[in-house]
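Fold and geometry: a report
Chain by chain, the residues run as shown.
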Amino acid sequence: MAIETFYAATEANSRGSFRIVLRRAWRVYRAWRIKRHTRYALLELTDEQLRDVGLTRSEARHEAGKSYFWD
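For clarity, every value in this text was computed on a predicted model and none was experimentally measured.

The next subject is the overall build of the chain. Tallying secondary structure elements over the chain gives three helices and zero strands in all. Counting from the amino terminus, the chain carries its helices and strands in the arrangement α-α-α. Across the 71 residues of the chain, 7% fall into the buried class. Of the roughly 6300 Å² that the chain leaves accessible, carbon and sulfur atoms contribute 59%.

Written out as structure tokens, the structure is:
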């Protein structure tokens, strides 16, 4: 195997790895945005709507105040 072939294969592999890392980071970011959006949407519900989903106003505020890492 020529040294140029070795480096070309390594470079292509590292580009593939970088893409995988970017894809995973994008998925994590999207999941964070969705969680954030849905948690804040709870604050916009009326008391009756919250009762329908089994939450109180204080539970909705508590849920909206959670960080991303809290599940």
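Following the structure, the description resumes.
Oppositely charged side chains can pair when the atoms bearing their charge come close. Scanning all chains against the criterion turns up three salt bridges. R39 serves as the salt-bridge partner of E63, at 3.0 Å between the closest nitrogen and oxygen. On the criterion of sequence distance, the pair formed by E63 in helix α3 (residues 57–64) and R39 in helix α1 (residues 3–43) is long-range, its members being 24 residues apart. Exposure remark for R39: the relative accessible area of 10% places this residue in the buried category. Residues K66 and E63 are paired through a salt bridge, measuring 3.0 Å at the closest nitrogen-oxygen approach. K66 sits in the partly exposed class, given a relative accessible area of 22%. One continuous salt-bridge network, built from bridges that share partners, spans R39, E63 and K66.

Thresholds applied
- Residues numbered from 1 in each chain as written.
- Predicted model: local features only at pLDDT ≥ 70, side-chain atom pairs only at ≥ 80, totals over all residues.
- Heavy atoms only, no water.
- Helix = DSSP H or I, 4+ residues; strand = E, 2+ residues; numbered from the N terminus.
- Buried < 20%, exposed > 50% of the residue type's maximum accessible area, 1.4 Å probe, protein only.
- Areas by Shrake-Rupley, 256 points an atom, 1.4 Å probe, with all protein chains shown as cover.
- Salt bridge = Lys/Arg side-chain N within 4 Å of Asp/Glu carboxyl O.

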